[in-house]
There are 2 protein chains.
Amino acid sequence: MAVNLSAPEQLAPVAGARWATAPAAIKKPGHDDLALLLLDAGATVAGVFTRNAFAAAPVHIARARLAGARALLVNSGNANAGTGRPGHADALACCEHAAVALGLEADQVLPFSTGVIGQRLPLDRMIPAIDRLGDELSEAGWLAAARAIMTTDTVPKGASRMIDIDGERVVLTGIAKGSGMIRPDMATMLAFIATDATIAQADLDAALREAMARSFNSISVDGDTSTNDACMACATGRAATLSPAAPGWRDFVAALTDLAAELARAVVRDAEGATRFITLAVGGARDEAEARAVAFTVAHSPLVKTACFAGDPNWGRILAAVGRAPVPDFSIDGVAIALDDVAIVAEGEPRADYAEADAAAVMAQAEYTIAIDLGRGDAASTVWTSDLSYEYVRINAEYRS
Amino acid sequence: MAVNLSAPEQLAPVAGARWATAPAAIKKPGHDDLALLLLDAGATVAGVFTRNAFAAAPVHIARARLAGARALLVNSGNANAGTGRPGHADALACCEHAAVALGLEADQVLPFSTGVIGQRLPLDRMIPAIDRLGDELSEAGWLAAARAIMTTDTVPKGASRMIDIDGERVVLTGIAKGSGMIRPDMATMLAFIATDATIAQADLDAALREAMARSFNSISVDGDTSTNDACMACATGRAATLSPAAPGWRDFVAALTDLAAELARAVVRDAEGATRFITLAVGGARDEAEARAVAFTVAHSPLVKTACFAGDPNWGRILAAVGRAPVPDFSIDGVAIALDDVAIVAEGEPRADYAEADAAAVMAQAEYTIAIDLGRGDAASTVWTSDLSYEYVRINAEYRS
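Computed from a prediction, not measured in an experiment: that's the story for all the values here.

What counts and how
Numbers given for residues are sequential positions, taken from 1 along each chain in its written order. Labels are handed out in written order, letters beginning with A for the chains and numbers beginning with 1 for the ligands. Given that this is a predicted model, residues contribute local features only at a pLDDT of at least 70 and side-chain atom pairs are listed and counted only at 80 or more, while totals for whole chains, interfaces and linings are drawn from all residues. Note that water and hydrogens are dropped before the side-chain values are worked out from all heavy atoms of the structure. Think of it this way: any DSSP run of H or I at least four residues long counts as a helix, any run of E at least two long counts as a strand, and we number them from the N terminus. The globule rule used for comparison is 2.2 Å times the number of residues to the exponent 0.38, while the radius of gyration itself is calculated over C-alpha atoms. Only protein chains enter the accessibility calculation, which uses a 1.4 Å probe; a residue whose area is less than 20% of its type maximum is buried, one above 50% is exposed, and one in between is partly exposed. Surface accessibility in these figures is a Shrake-Rupley result with a 1.4 Å probe; residues are shielded only by whichever protein chains are displayed. All tallies of charge rest on Lys and Arg as positive and Asp and Glu as negative; His and the ends of each chain are not included. A single reference atom marks each charge: NZ on Lys, CZ on Arg, CG on Asp, CD on Glu. In what follows, a contact means two residues having at least one pair of non-hydrogen atoms within 4.5 Å. Put simply, buried area is the surface a 1.4 Å probe can reach on two separate parts but cannot reach once they are joined, added for both. We count a salt bridge whenever a side-chain nitrogen from Lys or Arg sits within 4 Å of a carboxyl oxygen from Asp or Glu. Polar contacts, as used here, are pairs of N or O atoms within 3.5 Å; protein pairs need one atom able to donate a hydrogen and one able to accept it. Residues neighboring in sequence count only if both atoms are side-chain atoms. Criterion used throughout: strands pair if DSSP finds at least two bridges between them. Between N-to-C directions, angles cover 0 to 180 degrees, with each direction set by a line fitted to C-alpha atoms, over the stretch in contact for helices. Nonpolar core, defined: a set of buried Ala, Val, Leu, Ile, Met, Phe, Trp, Tyr and Cys residues in which side-chain atoms within 4.5 Å join the residues together. The scheme is simple: roughly parallel for angles under 35 degrees, roughly antiparallel for over 145, roughly perpendicular for 65 to 115, oblique for anything else. Each crossing gets its hand from how the near helix is turned against the far one by less than a right angle, where anticlockwise is left-handed and clockwise is right-handed. All amino acids are sorted into three groups, where Ala, Val, Leu, Ile, Met, Phe, Trp, Tyr, Cys and Pro are nonpolar, Asp, Glu, Lys and Arg are charged, and the leftover types, Gly among them, are polar. UniProt positions are given in the numbering used here, feature names are shortened, and annotations may be inferred rather than shown by experiment. For each domain, the first and last residues come from an automatic or database assignment.

## Digging into the overall build of chain A
Item 1. Assigned secondary structure in chain A consists of 11 helices and 18 strands.
Item 2. In terms of overall size, chain A behaves like a compact globule, its C-alpha atoms giving a radius of gyration of 22 Å where 401 residues would be expected to give roughly 21 Å.
Item 3. Summarising its shape, the C-alpha atoms of chain A cover approximately 70 × 55 × 40 Å along the three principal directions.
Item 4. Relative to its full complement of 401 residues, chain A shows a buried share of 63%.
Item 5. Carbon and sulfur atoms form 49% of the exposed surface of chain A, whose accessible area is close to 13600 Å².
Item 6. For chain A, the distance from the average position of its 33 positive side-chain charges to the average position of its 49 negative side-chain charges is 6 Å.

In structure tokens form, the structure reads like this:
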């Protein structure tokens, strides 16, 4: 089902970052659903977490343990969300067991969970598997980890970047999971990125937040956000030392942003039921917030998304969505809309030379751009989204059955 | 497909309000798609219109003609939206022809259109039909009009109320259409209500706006809003004189609100692809705006709506939607969630006595209430919505084909 997306052929190992995976039959047996990332001593870890008021137990615990973090323990199949104090205790128990297996303190292990909400973790099956996770750690484990954290994902998602900083090679590798409950501020989305560079925690945090804005916070599948989202960046301290004041910092942030954006687009390409990958490019706005508001209003419109599924150039639905975007003093007089290079609306009205067959040809593609110019400024923003298909409904109606 | 909704058996005539309908093959032949409401001289007309920046040509014209209005001309099958200046001229031409047929001035005729966006009206077929509309006006025409204004609606929608004001009978009858592109601020929604009472325009306007808040502005099907929405109230001046200072005014506003709410619920019951009618009752809020924000966040969640379609008590999705509602300083500690009388969450945590089979039994019904208590105040709000089914996608993917 995924749109122009295949599993990564290889992911570059990051010195000082080792993964292990194991099956624990958390939701169903027969595949790895636990993954553990062990970082070298001295590594720094930054994280961005969901802002959902019902943030799950693991989110609360991970957020409090960033300083001194050495291991990230991830399970799929169960989000450990809406599970109250017992769920919080379950997450602590998992970390405790991982810490013993790795010779760490319990508060050096950060828990992450994704999957169904409102059910207790099956500790009876998870704990024995966690106890053995320390035995198989490998720097070559990224792809196996990408598979282990999948839920409704159909394709494992990962990417690597290599940059040269003053003649020294710096590696960045990341994996992500997520295909439903996706929108800005992330959602049922987990991403783990590591670099072998040496970066102070505060600097790594700043780089991650900058990268997020143009990657995971610029996608939307269905407008829902989850209780469990997290995007983590880890620096193992085995390669060049980087800081905002030193040369190479902008190259690093650009590579991190580029890597995160590839992962974010992969999430949309693998969106539940997606048959199209759509880029919403909004320009001519007074500021970026306004451009984003228009882009997300169109991206969240079920009527636009079903028209995209049908490949139907029913551009009136795009126009109607633009028209209800929360933009102050909005006049349609300057609005232009195009599908790829097919101009449809100019100065708020349909163009005389517009031929529906041209737009239909664009929308028959698996991948295209809806360009919207508001005609009232110079700011722009890009958002990626998918269509709304029968399959989306089927997946989400049958998810627990 | 409609949930617990059938066509009204009869609609009470309103003295001084006569309808005529006719077929004009606007989208397809073989059924009435034009409706005309002629009001007695001296009638007053109030209206509430879409706030979409791309409001269609008829909306602009109708909004400007409320004073002195005598006739409402409605067509289905084509929204005359996104049609630019030529579309504006088309709407004026339709009104001009209706005015000639009725012996009115052109600016006494208000146009309303609903249907596909971005296509010109077929004037060659509409004008001859409009020219003859004046011949068949009848106070018994409400149900025929309710049928003529349908687009993807499967059931004509109408209701009547009779109240006694100081021993004098006052009648209110209304019809509505709409099943997709529905959310607060209306959307692809048209409603026409008339009463035989005598009411000054400003008072009628105030009554309509009060009624809207708890009726058409409290429903959501898919979060989309349209270019063409309008809700009109007409007072023909043939029965009791009403004003806010006189006795009976609150009875009249209550009857108008009750009538509008029945029409609004009918729109949700006939929502595109709906298999469930869901009442979202949010209480314990600091103010009504906060209660509405939570209710609409849940009502717009595709994940909640697909779980409702499946009849799956995946209450974690409700909890996740509540958690992302735009409520300041929101703590989950006081939150309670119930499905009808099945309590699921209390004080932010799942209740020990919750049994999933009980919730599944509630969600197997065609109609139930999701009750959410925020535990931080006394304000409440009620919103009505539907589920998200395969059929919703099919209808909206195939709407133009």
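## A word on the interface of chain A and chain B
Frequently, the measure chosen for interface size is the accessible area that the parts lose on association.
Item 1. Facing 53 residues of chain A, the contacting portion of chain B comprises 53 residues.
Item 2. Carbon and sulfur atoms make up 61% of the surface buried where chain A meets chain B, a total of about 4500 Å² over both sides.
Item 3. Among the ionic pairs, arginine 85 of chain A bridges to glutamate 349 of chain B, the shortest N-O distance being 3.6 Å.
Item 4. There are six residue pairs in polar contact (both at pLDDT 80 or more) connecting chain A and chain B.
Item 5. The set of elements that each furnish at least two residues to the side of chain A that touches chain B consists of α2 (84-102), α8 (302-310), α9 (315-323), β16 (349-350) and α11 (390-398) of chain A.

## A few points about the sheet that holds strand β7 (residues 168-177) of chain B
Residues and elements named next belong to chain B.
Item 1. Pairing is mixed across the open sheet formed by five strands, whose spatial order is β3-β11-β8-β7-β6. If you trace the sheet from one side to the other, it starts and ends with β3 (44-49) and β6 (157-165), each paired once. Sheet twist, expressed as the average angle between the axes of neighbouring strands with direction ignored, equals 15°.
Item 2. The pairing of strand β8 (residues 190-195) with strand β11 (residues 230-235) spans six bridges and is parallel. Counted as the bridge partner of alanine 191 is cysteine 231 from β11.
Item 3. Sheet strands touched by helix α6 (residues 249-269): β6, β7 and β8. Its angle to β6, the strand with the most contacts, is close to 165°.

## Brief notes about the environment of isoleucine 318 of chain B
Residues and elements named next belong to chain B.
Item 1. Among the secondary structure elements, isoleucine 318 is positioned in helix α9 (residues 315-323).
Item 2. It is 46 Å that separates the C-alpha atoms of isoleucine 318 and proline 86, two residues lying 232 residues apart in sequence.
Item 3. With residues near it in sequence (within four places) discarded, isoleucine 318 still touches Val298, Val304, Ile337, Leu339, Ile370 and Ile372.

## Observations concerning the nonpolar core
Item 1. One finds Val170, Leu172, Ile199, Phe216, Cys231 and Phe252 of chain A to be the most contacted residues of the largest nonpolar core, which totals 43 residues.
Item 2. Looking at this core, the elements with two or more residues in it are β3 (44-49), β6 (157-165), β7 (168-177), β8 (190-195), α5 (201-213), β11 (230-235) and α6 (249-269) of chain A.
Item 3. Ranked by the residues each element gives to this core, the list is headed by α6 of chain A, at 12 residues.
Item 4. By size, the runner-up hydrophobic cluster in this structure holds 42 residues, among which are Val3, Ala191, Trp249 and Phe252 of chain B.

## Comments concerning the side chain of arginine 376 of chain A
Residue and element names in this part refer to chain A.
Item 1. By the secondary structure assignment, arginine 376 is in the loop between β17 (367-373) and β18 (379-386).
Item 2. Only 2.8 Å separates the side chain of arginine 376 from the side chain of glutamate 290, close enough to count as a polar contact.
Item 3. In this structure the side chain of arginine 376 is engaged in a polar contact, spanning 3.0 Å, whose partner is the backbone oxygen of proline 328.
Item 4. Sequence-distant contacts of arginine 376, defined by excluding residues within four places in its chain, comprise Gly284, Ala285, Arg286, Glu290, Val327, Pro328, Asp329 and Phe330.

## Considerations on the environment of leucine 256 of chain A
Residues and elements named next belong to chain A.
Item 1. Tracing the backbone through its elements, the reader meets leucine 256 in helix α6.
Item 2. Taking the C-alpha atoms as reference points, leucine 256 and threonine 227, 29 residues apart in sequence, are found 25 Å from one another.
Item 3. In this structure, leucine 256 is in contact with Leu172, Ile193, Ala207, Leu208 and Ala211, ignoring residues within four places of it in sequence.

## Here we look at the pairing of β7 of chain B
Residue and element names in this part refer to chain B.
Item 1. In terms of burial, β7 is largely enclosed, as eight of its 10 residues are buried.
Item 2. Examined bridge by bridge, β6 and β7 share nine bridges and lie antiparallel to one another. Bridging from a neighbouring strand, methionine 162 pairs with valine 171 of β7.
Item 3. In this antiparallel pair of consecutive strands, β6 and β7, the connection spans two residues, and aspartate 166 shows a positive phi of 50°.
Item 4. Both β7 and β8 contribute to a ladder of six bridges, which runs antiparallel. Its bridge partner being in β8, isoleucine 175 is matched across the sheet by phenylalanine 192.

## Digging into the packing of helix α7 (residues 288-299) of chain B against α9 of chain B
For any two helices packed against each other, one specifies the inter-axial angle together with the distance between the axes.
Residue and element names in this part refer to chain B.
Item 1. Running from N to C, α7 and α9 cross one another at 135°; their axes reach a closest spacing of 8 Å. Looking at the two axes, α7 sits oblique to α9. Relative to α9, α7 is oriented so that their crossing is right-handed. Residues Val294, Thr297 and Val298 of α7 touch α9, and the partners they reach there are Ile318, Ala321 and Val322.
Item 2. In the contact of α7 with α9, the residues fall into five nonpolar, one polar and no charged.

## A short note on the pattern of salt bridges
Item 1. For the coordinates displayed, the defined rule picks out 26 salt bridges over all chains.
Item 2. Aspartate 205 of chain A is the partner of arginine 209 of chain A in a salt bridge, and the nearest nitrogen-oxygen pair spans 3.0 Å. Here arginine 209 of chain A and its partner aspartate 205 of chain A are both found in helix α5, four residues apart, which amounts to about one turn of the helix.
Item 3. According to the relative accessible area criterion, arginine 209 of chain A is partly exposed, its value standing at 45%.
Item 4. One salt bridge in this structure joins aspartate 258 of chain B and arginine 161 of chain B, with 2.8 Å as the shortest N-O distance. Of this pair, aspartate 258 of chain B sits in helix α6 while arginine 161 of chain B sits in strand β6, placing them 97 residues apart in sequence.
Item 5. Aspartate 258 of chain B gets classed as partly exposed once you look at its relative accessible area, which sits at 38%.
Item 6. When salt bridges that share partners are traced, they join Asp153, Lys157 and Asp270 of chain A into one network.

## Things to note about the sheet that holds β7 of chain A
Residues and elements named next belong to chain A.
Item 1. A sheet is described by the order of its strands in space; here five strands give the open sequence β3-β11-β8-β7-β6, paired in mixed fashion. The open sheet terminates on both sides in strands that have one partner only, identified here as β3 and β6. Geometrically, the sheet is characterised by an average inter-axis angle of 15° between neighbouring strands, direction not taken into account.
Item 2. Packed on one face of the sheet, α5 meets β3 and β11 and runs near 35° to β3.

## A look at the UniProt feature "binding site: substrate" (unreviewed entry) in chain A
All names here are of chain A.
Item 1. According to UniProt, the "binding site: substrate" (unreviewed entry) feature falls on Thr151, Lys177, Thr188, Glu272, Asn396 and Ser401.
Item 2. Looking at the element boundaries, lysine 177 is found in strand β7.
Item 3. Engagement of the side chain of lysine 177 in a polar contact is seen with the side chain of threonine 114, the distance being 2.8 Å.
Item 4. Residue position: glutamate 272 is located in the loop between α6 and β13 (277-285).

## Side note on the domain arrangement of chain A
Residue and element names in this part refer to chain A.
Item 1. When the domains of chain A are assigned, the result is domain 1 (17-269) and domain 2 (277-398).
Item 2. For domain 1 versus domain 2, the distance between C-alpha centres works out to 33 Å.
Item 3. Buried area between domain 1 and domain 2, both sides added, is near 1300 Å², and the carbon and sulfur share of it is 54%.
Item 4. At the boundary of domain 1 with domain 2, the tally comes to two salt bridges.
Item 5. Residue glutamate 367 pairs with arginine 269 through a salt bridge whose shortest N-O separation is 3.0 Å.
Item 6. Along the contact surface separating domain 1 from domain 2 lie two residue pairs in polar contact (both at pLDDT 80 or more).

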